[in-house]
Amino acid sequence: MTRMVAVVGSLNLDLTIDVDHLPSPGETVLGSGSRSGYGGKGANQAAAAAALGSQVAMVGRVGDDAVGEELVADLRHRGIDVAHLLRTPGVRSGSATIAVDATRGENLILVDPGANGAVTAADVRVQPVREAAVVVAQLEIPLPAVTAAAAHARGLVLLNPAPARELPRDLVARVDVLVPNQSELALLTAAPTPATVEETATLVRGLGFRGAIVVTLGAAGALVYEPAGDAVLHVPAPTVRVVDTTGAGDCFCGALAVALAAGERLSDAARTAVIAASLSTRAHGARDRLPSAAEVQQLATA
Ligand code: RIB
């Protein structure tokens with residue numbers, strides 16, 4: 001088994017608008033600036049893993065438009081294996097519209113899946129998914145493709161259930177590490193979003209999931225649950241000057257996958273991932289300034 005990470009998932013073009021508050025239903029909010037950048041939870045996770053020095057393969061689909069070529073080229077420039085990124089004729093590449101309220105560190109994301117919605121089970125039954133030490137998936141591509149990837153994998157399967165939805169049993173049975181945020185955990189447990197670390201721990205214990213669960217808590221870090229021993233560990237985050245939290249959860253997943261692929265224990269991997277995700281919030285965009293392994297190491301030992 002190699003230390004390779006395979007990411008099965010989405011690629012989007014992100015249009016981001018800075019706002020002083022996120023809109024309520026029916027409200028129009030004037031922004032203070034806009035920019036476009038490359039995103040998609042899957043591609044962000046792949047980029048984060050590559051920035052940390054891992055060998056990474058990305059599996060998914062773009063449209064046969066100019067944006068699709070740009071999305072693939074960006075990953076290629078980051079050293080990611082893009083041989084299993086397919087083009088879907090006549091379909092637009094995925095896109096996202098993002099409002100960022102930097103003062104509160106919050107965002108609101110609308111996604112048009114475009115070609116991401118055309119990923120099939122056959123697309124993901126490929127060698128990198130079979131041979132990776134860790135396969136990472138999210139839910140911006142169809143569930144049959146995610147389930148097929150999990151079944152095809154021989155290594156660890158890490159699922160980021162974002163955006164959250166009910167998970168089929170055969171997928172749940174094959175997931176080793178589930179990585180929701182607090183609102184996704186709430187949706188999976190049909191409970192209100194937990195307000196504290198303690199409430200989060202209670203929901204995690206009640207989920208009845210056979211594998212490990214790592215809940216991202218934003219500025220509060222992460223919560224690690226390992227079923228053996230029923231242990232729950234809170235990993236706090238370092239204090240950083242936050243510019244944009246978009247993609248911080250994706251950076252967390254990519255970093256967690258790299259650390260697990262290197263054989264780290266889950267609690268140590270979560271510490272690394274918390275630091276990486278915190279550092280990723282220093283710049284605008286989902287992956288404009290992803291941390292290197294040296295930067296993570298420096299903060300870990302500070
Ligand atoms: O997690 C952030 C990402 O969610 C953005 O890059 C956007 O494309 C959506 O997929």
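The structure this text deals with has already been given above.
This one's a predicted model, so the numbers in the text were calculated from it and none came from an experiment. (Residues numbered from 1 in each chain as written. Predicted model: local features only at pLDDT ≥ 70, side-chain atom pairs only at ≥ 80, totals over all residues. Heavy atoms only, no water.)

S.K.: When you look at the layout of surface pockets in this model, what are you seeing that I'm missing?
M.R.: Regions of empty space are outlined by a rolling probe, equal in size to a water molecule, passed over the atoms. In this model, the largest pocket occupies a volume close to 1,200 Å³. Lining the largest pocket are 48 residues, and of these Asn107, Asn181, Thr245, Ala248 and Gly249 sit closest to its centre. Taken together, the elements giving at least two residues each to the lining of the largest pocket come down to β2 (12–18), α1 (41–51), β6 (94–101), β7 (106–112), α7 (182–189), α9 (248–261) and α10 (266–280). The residue makeup of the lining of the largest pocket, split by class, is 22 nonpolar, 19 polar and seven charged. Within this model, the second largest pocket holds a volume of roughly 260 Å³. For the second largest pocket, the lining is made up of 16 residues, of which Leu52, Val258, Ala259, Ala262 and Glu264 are closest to its centre. (1 Å grid on protein atoms, 1.4 Å probe; cavity = no way out; pocket = protein on both sides within 12 Å on 5 of 7 lines; lining within 4 Å. Points joined across faces, edges and corners; volume = space filled by probe spheres on them. Helix = DSSP H or I, 4+ residues; strand = E, 2+ residues; numbered from the N terminus. Nonpolar A, V, L, I, M, F, W, Y, C, P; charged D, E, K, R; others polar.)

S.K.: Help me out: how do you make sense of the packing of α1 against α9 in this one?
M.R.: The relative placement of two packed helices comes down to the angle between their axes together with the axis-to-axis distance. Packing of α1 against α9 brings their axes to within 7 Å, and their N-to-C directions diverge by 50 degrees. Our classification of the angle between α1 and α9 gives oblique. Relative to α9, the crossing made by α1 is right-handed. Seen from α1, the contacting residues are Lys41, Asn44, Gln45, Ala48 and Ala49; seen from α9, they are Asp250, Cys251, Cys253, Gly254 and Val258. Tallied by class, residues from the contact of α1 with α9 come to five nonpolar, three polar and two charged. (Axes fitted to C-alpha atoms, helices over the stretch in contact; angles between N-to-C directions. Parallel < 35°, antiparallel > 145°, perpendicular 65-115°, else oblique. Left-handed = near helix turned anticlockwise from the far one by under 90°. Contact = heavy atoms within 4.5 Å.)

S.K.: Can you walk me through unusual backbone geometry in this structure?
M.R.: Leaving glycine out, the prevailing phi sign among residues is negative, and the prevailing peptide bond configuration is trans. Cis geometry is found at the peptide bond from Ala162 to Pro163, where omega equals -5 degrees. One can find Pro163 in the loop between β9 (156–159) and α6 (169–172). Within the chain, Ala190 stands out as a residue other than glycine whose phi angle is a positive 55 degrees.

S.K.: I keep staring at empty space enclosed by the protein and nothing clicks. Help me out?
M.R.: Inspection of the entire model under this criterion finds one cavity of 30 Å³ or more. Taken together, Val135, Val136, Ala137, Val146, Ala149, Ala150, Val157, Leu158, Leu159 and Leu171 form the lining of the largest cavity. Within the lining of the largest cavity, the residues separate by chemical class into 10 nonpolar, no polar and no charged.

S.K.: How should the pattern of salt bridges be read in this particular structure?
M.R.: It is possible for side chains of opposite charge to pair when their charged atoms get near one another. Scanning the entire structure with this criterion turns up 11 salt bridges. Here Arg210 makes a salt bridge to Asp176, at a shortest N to O gap of 3.7 Å. Separated by 34 residues along the polypeptide, Arg210 in the loop between α8 (197–206) and β11 (212–216) and Asp176 in the loop between α6 and β10 (177–178) bring together distant segments of the chain. Put simply, Arg282 and Glu295 hold a salt bridge, and the shortest N to O gap is 3.4 Å. Residue Arg282 is found in the loop between α10 and α11 (293–300), and its partner Glu295 is found in helix α11; the two are separated by 13 residues along the sequence. Accessibility expressed as a relative area gives 18% for Arg282, which makes it buried. One network of salt bridges, in which partners are shared, links Asp18, Arg35 and Asp244. (Salt bridge = Lys/Arg side-chain N within 4 Å of Asp/Glu carboxyl O. Buried < 20%, exposed > 50% of the residue type's maximum accessible area, 1.4 Å probe, protein only.)

S.K.: I'm lost on the site of the ligand in this one. Help?
M.R.: Near the ligand you find 13 residues, and of these Asp14, Gly40, Lys41, Glu140 and Asp250 are the closest. One of the side-chain nitrogen or oxygen atoms of Asn12 is found 3.0 Å away from an oxygen atom of the ligand. Between the ligand and the protein, one listed contact pairs an oxygen atom with a side-chain N or O atom of Asp14 at 2.6 Å. Surface burial for the ligand is 97%, taken as the share of its 280 Å² of free accessible area covered by protein chains. In a pocket analysis with a 2 Å cut-off to the grid points, the ligand is assigned to the largest pocket. Contributing elements (two or more residues each) for the shell around the ligand: β2, α1 and β7. Class assignment of the residues belonging to the shell around the ligand gives a composition of four nonpolar, five polar and four charged. (Near = heavy atom within 4 Å. Polar contact = N/O pair within 3.5 Å; in protein donor to acceptor, adjacent residues only side chain to side chain. Areas by Shrake-Rupley, 256 points an atom, 1.4 Å probe, with all protein chains shown as cover. Sits in = over half its atoms within 2 Å of the grid points.)

S.K.: What exactly am I supposed to notice about the pairing of β2 here?
M.R.: Strand residues, when the strand is regular, have side chains that alternate between the two faces of the sheet. Of the two faces of β2, the one holding Asn12, Asp14, Thr16 and Asp18 is buried and the one holding Leu13, Leu15 and Ile17 is not buried anywhere. Two elements, β2 and strand β3 (residues 33–39), share seven bridges in a ladder whose sense is antiparallel. Looking at β3, one finds that Asp18 is bridged to Gly33. By the bridge criterion, seven bridges tie β2 to β6 in an arrangement that is parallel. For Asn12, the partnering residue across the bridge sits in β6 and is Gly94. (Pairing = 2+ DSSP bridges.)

S.K.: Where do I start with α7 in this structure?
M.R.: Note: α-helices contain 3.6 residues per turn, so residues at a spacing of three or four share the same orientation. Here α7 has its buried residues at Gln182, Glu184, Leu185 and Ala186. The first or second residue beyond α7 is Ala190, which carries a positive phi of 55 degrees.

S.K.: Is there a simple way to explain α9 in this structure?
M.R.: With 14 residues, α9 ought to run about 20 Å at 1.5 Å a step, and its terminal C-alpha atoms sit 20 Å apart, in line with that. With 13 of 14 residues buried, α9 lies mostly within the body of the structure. Within two residues after α9, Gly263 carries a phi angle of roughly 90 degrees, on the positive side. (Expected span 1.5 Å × (residues − 1).)

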